[in-house]
Amino acid sequence: MRLSNYFLPILKEAPREAEIVSHRLMLRAGMIRQQAAGIYSWLPLGYRVLRKIEQIVREEQERAGAVEVLMPTIQSADLWRESGRYDAYGAEMLRIQDRHEREMLYGPTNEEMITDIFRTYVRSYKDLPLNLYHIQWKFRDERRPRFGVMRGREFMMKDAYSFDTDKESARHAYNRMFVAYLRTYARLGLQAIPMRADTGPIGGDMSHEFIILASTGESQVFCHKDVLELKVPGEDTDFSSDLTPIVDEWTRAYAATDEMHDEAAFAEIPADKQVSARGIEVGHIFYFGTKYSEPMGAKVAQADGSEQAVHMGSYGIGVSRLVGGIIEACHDDNGIIWPEAVAPFQVGLINLKSGDAATDAACADLYEKLNKAGVDVLYDDTDGRAGAKFATMDLIGVPWQLIVGPRGLASGEVELKRRATGERETMTIEAALSRLT
Ligand code: ATP
Ligand code: MG
Ligand code: MG
Ligand code: MG
């Protein structure tokens with residue numbers, strides 16, 4: 001992408017309404033534009049990051065055996081009356097009437113709808129286990145939308161739903177998502193800690209929130225320091241095997257959110273191993289048994305011929321919240337420092353003297369070669385000042401800056417800067433190319 005053809009509305013001033021660093025940086029870097037409280041347009045740079053996150057989430061869901069669908073954002077109130085949640089959900093649900101005065105709503109989540117799909121088609125235990133997911137916008141009329149995309153009203157969620165014949169196999173489904181989540185956040189460059197969370201009336205141990213530690217987080221969380229040292233399961237993890245040992249390893253040490261916090265158990269941890277911090281909820285997995293399948297009649301024939309309501313779980317990831325969450329974890333005074341896997345571009349190519357024939361030609365050549373090699377490049381071909389170009393690339397957090405000017409070119413050299421460390425290295429054009437491809 002040539003910057004001269006792009007749409008990157010950088011703001012010079014830090015917008016006053018933004019209370020936290022990720023919100024400030026997303027506005028300054030021209031990633032989002034607020035359209036109404038908690039409702040955002042995603043501008044090109046922000047949208048690129050959102051899609052990268054979405055794709056990593058998708059790959060890890062598929063690896064764990066989940067199957068993608070796409071359900072609508074608008075749902076019918078009648079479906080929610082079947083589960084009893086239409087009245088129970090409260091003010092967070094945005095209720096709408098169509099021209100025929102039918103009651104509709106903008107979905108805050110999809111348990112009812114997926115249960116409806118399931119009951120329409122699935123009749124036998126032989127078709128289980130099944131896990132269906134989608135990545136779709138949700139709407140919750142939050143009392144206090146704030147912190148930009150971290151607590152929006154319209155936000156992007158990945159939500160998966162598992163269906164099993166009994167609690168034991170539902171536990172396997174749960175474990176698969178648990179491990180998929182560990183892998184997903186690690187690939188996004190984040191350290192997310194699974195923490196025991198409230199299961200509500202269901203009880204038991206099958207509800208975890210995935211939390212990243214950040215001083216601006218809205219949750220108070222507590223854990224044993226050892227959890228921060230655990231190794232994330234590799235790409236070779238066999239999701240058809242029993243994943244209990246991995247889940248046990250990750251749930252052995254103390255880790256709980258505020259609602260589940262047990263002061264006495266926490267006090268037994270050596271003081272230097274106690275972590276009490278603020279955290280951001282970036283995901284939540286949950287087993288809820290037959291809570292929806294029972295009232296909605298989602299039953300399957302068992303091996304013995306009897307009909308039983310299916311056991312379900314749901315598994316959410318805050319895809320759009322993660323954009324802010326990653327920035328909270330990855331930034332410095334100059335701007336964002338994207339982890340490579342989610343960076344909107346891998347390389348920022350900086351032309352120090354646009355209009356100078358030799359520099360333009362060298363940049364055009366580098367741009368073409370990098371593109372051919374499949375590297376996402378943002379080429380600053382504008383006639384701005386060098387200082388402003390550096391500041392922009394630092395602000396938008398591109399992992400590598402390739403700096404090309406007439407002086408270096410005279411001896412066949414360019415400069416490569418690593419955004420994360422600030423290290424700059426002078427090298428030949430060929431060396432730079434082989435480093436970046
Ligand atoms: P919170 O406690 O932050 O309100 P929640 O517990 O209500 O979140 P869940 O119903 O568990 O949210 O939804 C799954 C995930 O969706 C959450 O873990 C979070 O990452 C994301 N999410 C929930 N609400 C929002 C929101 N208003 N804006 C952005 N992401 C959200
Ligand atoms: Mg909420
Ligand atoms: Mg929550
Ligand atoms: Mg939650």
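- Under an unreviewed UniProt entry, the protein has the name Proline--tRNA ligase and belongs to Breoghania corrubedonensis.
- Word for word, the UniProt comment on the protein under Function (unreviewed entry) is "Catalyzes the attachment of proline to tRNA(Pro) in a two-step reaction: proline is first activated by ATP to form Pro-AMP and then transferred to the acceptor end of tRNA(Pro)."
- Under the UniProt heading Catalytic activity (unreviewed entry), the entry covering the protein gives this text: "tRNA(Pro) + L-proline + ATP = L-prolyl-tRNA(Pro) + AMP + diphosphate".

**Here we look at the overall build of the protein**
- Looking only at helices and strands, the protein features 14 helices and 23 strands.
- Against the compact-globule benchmark of 22 Å for 437 residues, the protein has a radius of gyration of 24 Å, which places it among compact chains.
- Projected onto its principal axes, the C-alpha positions of the protein cover 80 × 60 × 40 Å.
- For the protein, buried positions account for 41% of its 437 residues.
- For the protein, restricting intrachain contacts to residue pairs at least 6 apart in sequence, the fraction spanning at least 24 positions comes to 73%.

**Quick notes on the site of ligand 1**
- Taken together, 14 residues lie near ligand 1, and Phe155, His284, Gly316, Gly318 and Arg321 sit nearest.
- At the level of elements, strand S8 (154-164), strand S13 (274-289), strand S16 (311-318) and helix H10 (319-329) are the ones that each hand at least two residues to the shell around ligand 1.
- With 4 residues, S13 is the single largest residue contributor to the shell around ligand 1.

**As for the packing of helix H2 (residues 44-63) against helix H6 (residues 167-187)**
- For the pair H2 and H6, interaxial distance at closest approach is 9 Å and the crossing angle is 155°. Regarding the angle of H2 to H6, the classification is roughly antiparallel. The handedness of the crossing between H2 and H6 is right-handed. Residue-level inspection shows Ile56, Val57, Glu60, Gln61 and Arg63 of H2 in contact with H6, the latter providing Ala180, Arg183, Thr184 and Arg187.

**Side note on H6**
- End to end, H6 covers 30 Å across 21 residues, agreeing with the expected 30 Å (1.5 Å per residue, within 8%).
- Two residues or fewer past H6, Gly189 is found with a positive phi of approximately 85°.

**Some thoughts on the nonpolar core**
- Of all hydrophobic cores here, the largest spans 106 residues; its most connected members are Ile53, Met177, Val319, Leu349, Leu402 and Val404.
- At 10 residues, the largest contribution of residues to this core is made by H6.
- Not counting the four nearest positions on each side in its chain, Leu402 is found in contact with Val347, Leu349, Ile350, Leu366, Val414, Leu416 and Ala432.

**Concerning the UniProt feature "domain: Aminoacyl-transfer RNA synthetases class-II family profile" (unreviewed entry) in the protein**
- Under the local residue numbering, the UniProt record ascribes the feature "domain: Aminoacyl-transfer RNA synthetases class-II family profile" (unreviewed entry) to residues 38-339.
- A distance of 26 Å separates the end C-alpha atoms of residues 38-339, which is 30% helix and 31% strand.

**Observations regarding the sheet that holds strand S20 (residues 377-380)**
- The strand order across the open sheet formed by 5 strands is S20-S19-S21-S22-S23, and the pairing between neighbours is mixed. Two strands lie at the open edges of the sheet, namely S20 and strand S23 (424-428), each paired on one side alone. Direction aside, the axes of adjacent strands within the sheet are offset by 25° on average.
- In this sheet, S20 lies alongside strand S19 (residues 347-351) in parallel orientation, the contact comprising 4 bridges. Bridging across to S20, Gly348 finds its partner in Leu378.
- Sitting on the sheet, helix H11 (residues 357-372) touches S19, S20 and strand S21 (400-404), and the angle it makes with S19 is about 165°.

**Quick word on the environment of Met93**
- Turning to its location among the elements, Met93 is positioned in the loop between helix H4 (85-88) and strand S5 (94-97).
- Spatially, the C-alpha atom of Met93 lies 42 Å from that of Arg419, the residues being 326 residues apart in sequence.
- In contact with Met93, other than residues within four places in its own chain, are Leu105, Pro108 and Asp141.

**Quick word on the packing of H2 against H10**
- One way to put it is that H2 packs onto H10 with a least axis distance of 9 Å and a crossing angle of 115°. On the basis of their axis angle, the class for H2 and H10 is roughly perpendicular. Regarding H2 and H10, the two cross each other, and that crossing is right-handed. On the side of H2, the interface is formed by Gly46, Val49, Leu50, Ile53, Glu54 and Val57, while H10 contributes Val319, Ser320, Leu322 and Val323.
- Along the lines of polarity and charge, the residues of the contact of H2 with H10 split into 7 nonpolar, 2 polar and 1 charged.

Each value, and the rule that gives it
- Residues numbered from 1 in each chain as written.
- Chains lettered and ligands numbered in written order.
- Predicted model: local features only at pLDDT ≥ 70, side-chain atom pairs only at ≥ 80, totals over all residues.
- UniProt positions renumbered as here; feature names shortened; annotations may be inferred.
- Helix = DSSP H or I, 4+ residues; strand = E, 2+ residues; numbered from the N terminus.
- Rg over C-alpha atoms; globule rule 2.2 N^0.38 Å.
- Buried ≥ 20, exposed ≤ 12 C-beta atoms within 10 Å, placed from the backbone.
- Contact = placed C-beta atoms within 7 Å.
- Near = placed C-beta within 6 Å.
- Axes fitted to C-alpha atoms, helices over the stretch in contact; angles between N-to-C directions.
- Parallel < 35°, antiparallel > 145°, perpendicular 65-115°, else oblique.
- Left-handed = near helix turned anticlockwise from the far one by under 90°.
- Expected span 1.5 Å × (residues − 1).
- Core = buried A, V, L, I, M, F, W, Y, C linked by C-beta atoms within 7 Å.
- Pairing = 2+ DSSP bridges.
- Nonpolar A, V, L, I, M, F, W, Y, C, P; charged D, E, K, R; others polar.

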